[in-house]
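Per-entry structural report
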2 protein chains.
Amino acid sequence: MASHRGHPLGMSDDPLFHPLLEGDRRALARAITLVESTRADHRSRATALLEALRGHGRQALRIGLSGTPGVGKSTFIEAFGMMLIGAGKRVAVLAVDPSSARTGGSILGDKTRMDLLSREPAAFIRPSPAANQLGGVARRSREAVALCEAAGFDIVLIETVGVGQSETMVARIADLFVLLLAPAGGDELQGVKRGIMEIADLILVNKADGELRATATRTVADYAGALRLLRKRPRDPEGFPKALPVSALESAGLDRAWSEMSDLVNWRRDNGHWDATRAEQAAHWFEEEVRSGLLARLDTPEARARMARLAADVASGERAALAAAREMLESLGSA
Amino acid sequence: MASHRGHPLGMSDDPLFHPLLEGDRRALARAITLVESTRADHRSRATALLEALRGHGRQALRIGLSGTPGVGKSTFIEAFGMMLIGAGKRVAVLAVDPSSARTGGSILGDKTRMDLLSREPAAFIRPSPAANQLGGVARRSREAVALCEAAGFDIVLIETVGVGQSETMVARIADLFVLLLAPAGGDELQGVKRGIMEIADLILVNKADGELRATATRTVADYAGALRLLRKRPRDPEGFPKALPVSALESAGLDRAWSEMSDLVNWRRDNGHWDATRAEQAAHWFEEEVRSGLLARLDTPEARARMARLAADVASGERAALAAAREMLESLGSA
């Protein structure tokens, strides 16, 4: 998956720099801790490290992965990861959890549920950070992915817990997006957030084994039908997005899923979509950084308190939205 | 649909103030021209007028309407509008077209296609503004809706052309959202942007007449099935969102559609969702105004040129996103 860009590799005195480029997992873990930190000195060090690492010329395949609770996501990641490692790949698994209210809710919070994978030298597993380190989930995730690429991982699986906007954000970091669903019959087929269908490249119906095999087959057909109702995207070849059955438990269907992913990625590479998407994602990242830099003025305790007070006044009808906004902007010196 | 809030009606010297409150359509049209203008003096006058009009105590039912091209949207609006007027309602129709590249693409650009409705004294039809007046589509649309409410219209139909983010924006202004689709068979059922399913309260399959009647019935069943695959939203009663057949041409099914809309709205009123949604929309409007006020610093010719140059450098890999963002923020005095 390596590809070389014109930019030369930077220089750095950071003790993490060389070990990270050599694929040292402890150095990678420490570097991710830096990008997760909100401390100003950590932030500066992380930025310098990321800039020095530019030009390493490595590109991982970044796979976004979302799924409803109980779908067997950790079993799937374990089985899929082991299959990839068996094919000679190095696999990093990152968790994205934008919900600060959750306490250890992410499956990856419990590494013991991926017993085999976590013992593999070719695997790197990173649970989602503690709630108090939140803030800038998109930036942190993007930077963690960039660090995994620098460390030479071939595949980066970005797992998200499927709340709110997290899938859209992950899709903006990933090269392809996989949605993992459970078999369900008729009216039970609930729980898919509508926007997620928009971004899925592959829907995998897990637990296509034992008693659930027939139900899984029907579920695949239902979702295949639903996907046909939706508009074809310009960066998809004919037949995508697809729905397929898998069994993480029996490691069945995983090679088919991987071969579909590879076909999709190869088609996108051959048609220039891979580079175009990466370029757009980088430009988007830049624009997001500028916007969040401007909006950071709302991110002080005083500004937050004033925003909350004014928003409540507007919601209750006591103040007009326009007048309240003018007052807020004046308090920020931006009216 | 009238409801009174605590806020008293303001005072204004603006010659449009009293005619607008009395429902004068020419005054309404002129006031909308003011909110569409980007001239600073027009903007001040529009803001003052909107603030003076607060507290009129009128609430229209705001219906967002989207549909694929060729679905018969203008025929539907004409038939549906005439039915509502027959029931004693005053009906305003606004077009939202966020795409500046379109030249007269909105159906409402051609009033003659709503011949009956445009001659009704109880109707007000506003085509989408010319492309050079664009910028701040969300604000302009929201303000135009507020003016229609002040002018005492019972129903405000907000038509959107179905490109990109416009539906999400319209859903943030509307009380309910209707998606109009054409009958289609099997694999032809394309063209529904996935995110739109997320926000639709009612899917109406038009042209359920003549030769297409059977196809329309099947299409309704297909979409009803697809809707069942999606998660129930907390502000929906059992059975919503729904898919129904209509024939704008024969004015068939329109009373059923209206009765479903009324049921939905009444349920939401009875359960507190109407007021809660309106309050959230107002608070959201305030927050959007603050954010767009901060981001307005990117909206000068110099800033736009610099952003474009830096984004191109980032996309080509010549510059790092973080470093480019820092340079941009420094140039804005916000680093």
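Presented here is a report on the structure given in the accompanying data block. The model shown is predicted, which means the values in this text are computed figures rather than measured ones.

1. Considerations on the overall build of chain A
Scanning chain A for helices and strands turns up 13 helices and 7 strands. Residues classed as buried in chain A amount to 52% of the 335 residues present. Long-range pairs, those at least 24 residues apart, make up 77% of the contacts in chain A between residues at least 6 apart in sequence. Approximately 14400 Å² of chain A is accessible, and the part contributed by carbon and sulfur atoms is 51%.

2. Here's the deal with the sheet that holds strand 3 (residues 123-126) of chain B
Strands in a sheet are paired, the pairing made by backbone hydrogen bonds, and the direction either parallel or antiparallel. All names here are of chain B. Taken together, 7 strands build an open sheet; the order of strands is 3-2-4-1-5-6-7 and the sheet is parallel. Looking at the sheet topology across the chains shown, the edges are occupied by strand 3 and strand 7 (242-245). Here the strands of the sheet are splayed against their neighbours by 20 degrees on average, with no regard to which way each runs. Where strand 2 (residues 91-96) meets strand 4 (residues 155-160), 6 bridges bridge the pair, whose relative direction is parallel. The residue of strand 4 that forms the bridge with Ala95 is Glu159. Across the sheet, helix 6 (residues 137-150) touches strand 1 (61-67), strand 2, strand 3 and strand 4, and the angle it forms with strand 2 is around 175 degrees.

3. Regarding the sheet that holds strand 6 (residues 202-205) of chain A
All names here are of chain A. Strand order in the open sheet made by the 7 strands is 3-2-4-1-5-6-7, with parallel pairing throughout. The open sheet terminates on both sides in strands that have one partner only, identified here as strand 3 (123-126) and strand 7 (242-245). Neighbour to neighbour, the strand axes of the sheet diverge by 20 degrees on average, direction disregarded. Where helix 2 (residues 25-36) meets the sheet, its contacts fall on strand 2 (91-96) and strand 3, and the angle it forms with strand 3 comes to roughly 25 degrees.

4. Things to note about the packing of helix 3 (residues 40-53) of chain A against helix 6 (residues 137-150) of chain A
Residue and element names in this part refer to chain A. Packing of helix 3 against helix 6 leaves a shortest axis separation of 11 Å and a crossing angle of 45 degrees. Considered as vectors, helix 3 and helix 6 are oriented oblique to each other. As for how helix 3 packs across helix 6, the hand of that crossing is left-handed. Facing Arg43, Leu50 and Leu53 of helix 3, the residues of helix 6 in contact are Arg139, Glu143, Ala146, Leu147 and Ala150. Partitioned by chemical class, the residues of the contact of helix 3 with helix 6 number 5 nonpolar, no polar and 3 charged.

5. Let's talk about the nonpolar core
Ile32(A), Leu147(A), Ile203(A), Phe286(A) and Met328(B) are the most contacted members of the largest nonpolar core, which has 71 residues in total. The biggest single contributor to this core is helix 6 of chain A, with 7 residues. In this structure Ile203(A) touches Leu179(A), Leu181(A), Met197(A), Tyr223(A), Leu227(A), Lys242(A), Ala243(A) and Leu244(A), once residues within four positions along its chain are discounted. One finds Ala52(B), Phe124(B), Val156(B) and Tyr223(B) within the second-largest nonpolar core, a separate group that totals 70 residues.

6. Observations regarding the packing of aromatic side chains
Describing an aromatic ring pair means giving the distance of the ring centres and the angle of the ring planes. For the structure shown, the criterion picks out 6 aromatic pairs over all chains. Look at Phe124(A) and Phe153(A): their rings are 6.1 Å apart centre to centre, the planes differ by 50 degrees, and that puts the pair in the tilted class. Here Phe153(A) lies in the loop between helix 6 and strand 4 (155-160) and Phe124(A) lies in strand 3, a separation of 29 residues in the sequence. By relative accessible area, Phe153(A) is classed as buried at 2%. Aromatic ring contacts, followed pair by pair, group Phe76(A), Phe80(A) and Trp258(A) into a single cluster. Over the face of the ring belonging to Phe153(A) we find Arg90(A), whose NZ or CZ atom lies 4.1 Å from the ring centre. The lysine or arginine in question, Lys242(B), covers the ring of Phe240(B), its NZ or CZ lying 4.8 Å from the ring centre.

7. Comments concerning the interface of chain B and chain A
Contact with chain B, which involves 62 residues of that partner, is made by 62 residues of chain A. For the pair chain B and chain A, the summed buried surface comes to about 5400 Å²; carbon and sulfur atoms form 64% of the total. Scanning the region where chain B abuts chain A turns up 2 salt bridges. The interface formed by chain B and chain A holds 1 residue pair in polar contact (both at pLDDT 80 or more) in total. At the level of elements, helix 3 (40-53), helix 8 (194-199), helix 9 (213-228), helix 11 (273-295), helix 12 (301-315) and helix 13 (321-331) of chain B are the ones that each hand at least two residues to the side of chain B that touches chain A.

8. Examining the relation of the copies chain B and chain A
Superposition of chain B onto chain A requires a rotation of 180 degrees combined with a translation of 0.0 Å along the rotation axis, giving an RMSD of 0.1 Å. These values place the two chain copies in the arrangement generated by a two-fold rotation axis. Most of the interface of chain B is mirrored in chain A, where 100% of its interface residues are also at the interface.

9. Some details on the environment of Gly10(A)
As for its position among the elements, Gly10(A) is in the segment before helix 1 (17-21). Each C-alpha atom, one on Gly10(A) and one on Leu53(A), is 5.9 Å from the other, the two residues being 43 residues apart in sequence.

10. Side note on helix 13 of chain B
All of the buried residues along helix 13 of chain B are Ala321(B), Leu322(B), Ala323(B), Ala324(B), Ala325(B), Met328(B) and Leu329(B). Packing partners of the buried residues in helix 13 of chain B comprise helix 3, helix 6 and helix 11 (273-295) of chain A together with helix 12 of chain B. The first or second residue beyond helix 13 of chain B is Gly333(B), which carries a positive phi of 70 degrees.

11. Let's talk about the pairing of strand 4 of chain A
Each regular strand carries side chains that alternate between the two faces of the sheet. All names here are of chain A. By the criterion of burial, strand 4 is predominantly enclosed, with 6 of the 6 residues buried. Residue alternation in strand 4 divides its side chains into two sets, Ile155, Leu157 and Glu159 and Val156, Ile158 and Thr160, and both sets are buried. The pairing of strand 1 (residues 61-67) with strand 4 spans 6 bridges and is parallel. Bridge pairing links Leu65 to Glu159 in strand 4.

12. Quick look at the pattern of salt bridges
Summed over the entire model, instances satisfying the criterion amount to 44 salt bridges over all chains. Linking Lys242(A) and Glu260(A) is a salt bridge whose minimum nitrogen-to-oxygen distance equals 2.9 Å. Placement of Lys242(A) in strand 7 and of Glu260(A) in helix 10 (residues 254-270) is noted, with a sequence separation of 18 residues between them. Taking the relative accessible area as the measure of exposure, Glu260(A) reaches 6% and is therefore buried. In this structure, the salt-bridge partner of Arg278(B) is Asp175(B), at a minimum N-O distance of 2.8 Å. Taken as a pair, Arg278(B) in helix 11 and Asp175(B) in the loop between helix 7 (166-171) and strand 5 (176-181) lie far apart in primary sequence, 103 residues in all. Note on accessibility: Arg278(B) and Asp175(B) belong to one class, buried. Beyond isolated ion pairs, a larger network of salt bridges with shared partners links Arg62(A), Glu149(A), Asp175(A) and Arg278(A).

13. Overview of helix 4 (residues 73-86) of chain B
All names here are of chain B. Helix length check: helix 4 (14 residues) gives 20 Å between terminal C-alpha atoms against 20 Å at 1.5 Å per residue, within 8%. Buried residues of helix 4: Lys73, Ser74, Phe76, Ile77, Glu78, Ala79, Phe80, Gly81, Leu84 and Ile85, and no others. Phi for Gly88, located one or two positions after helix 4, is positive at around 90 degrees.

14. Focus: the packing of helix 12 (residues 301-315) of chain A against helix 11 of chain B
Interaxial distance between helix 12 of chain A and helix 11 of chain B falls to 8 Å at its minimum, and their mutual angle equals 135 degrees. As the angle between them shows, helix 12 of chain A and helix 11 of chain B are arranged oblique. Once helix 12 of chain A is placed against helix 11 of chain B, the crossing between them reads as right-handed. The segment helix 12 of chain A lies against helix 11 of chain B, with Met307(A), Leu310(A), Ala311(A), Val314(A) and Ala315(A) engaging Ala279(B), Ala282(B), Ala283(B), Phe286(B), Glu287(B) and Val290(B). Class assignment for the residues of the contact of helix 12 of chain A with helix 11 of chain B results in 10 nonpolar, no polar and 1 charged.

What counts, and where the lines are drawn
Residues numbered from 1 in each chain as written. Chains lettered and ligands numbered in written order. Predicted model: local features only at pLDDT ≥ 70, side-chain atom pairs only at ≥ 80, totals over all residues. Heavy atoms only, no water. Helix = DSSP H or I, 4+ residues; strand = E, 2+ residues; numbered from the N terminus. Buried < 20%, exposed > 50% of the residue type's maximum accessible area, 1.4 Å probe, protein only. Contact = heavy atoms within 4.5 Å. Areas by Shrake-Rupley, 256 points an atom, 1.4 Å probe, with all protein chains shown as cover. Pairing = 2+ DSSP bridges. Axes fitted to C-alpha atoms, helices over the stretch in contact; angles between N-to-C directions. Parallel < 35°, antiparallel > 145°, perpendicular 65-115°, else oblique. Left-handed = near helix turned anticlockwise from the far one by under 90°. Nonpolar A, V, L, I, M, F, W, Y, C, P; charged D, E, K, R; others polar. Core = buried A, V, L, I, M, F, W, Y, C linked by side-chain atoms within 4.5 Å. Phe/Tyr/Trp six-rings, centres within 6.5 Å; stacked < 30°, edge-to-face > 60°. Lys NZ or Arg CZ within 6 Å of the ring centre and 35° of its normal. Buried area = accessible area lost by both parts, 1.4 Å probe. Salt bridge = Lys/Arg side-chain N within 4 Å of Asp/Glu carboxyl O. Polar contact = N/O pair within 3.5 Å; in protein donor to acceptor, adjacent residues only side chain to side chain. Least-squares fit on C-alpha atoms with pLDDT ≥ 70 in both. Expected span 1.5 Å × (residues − 1).

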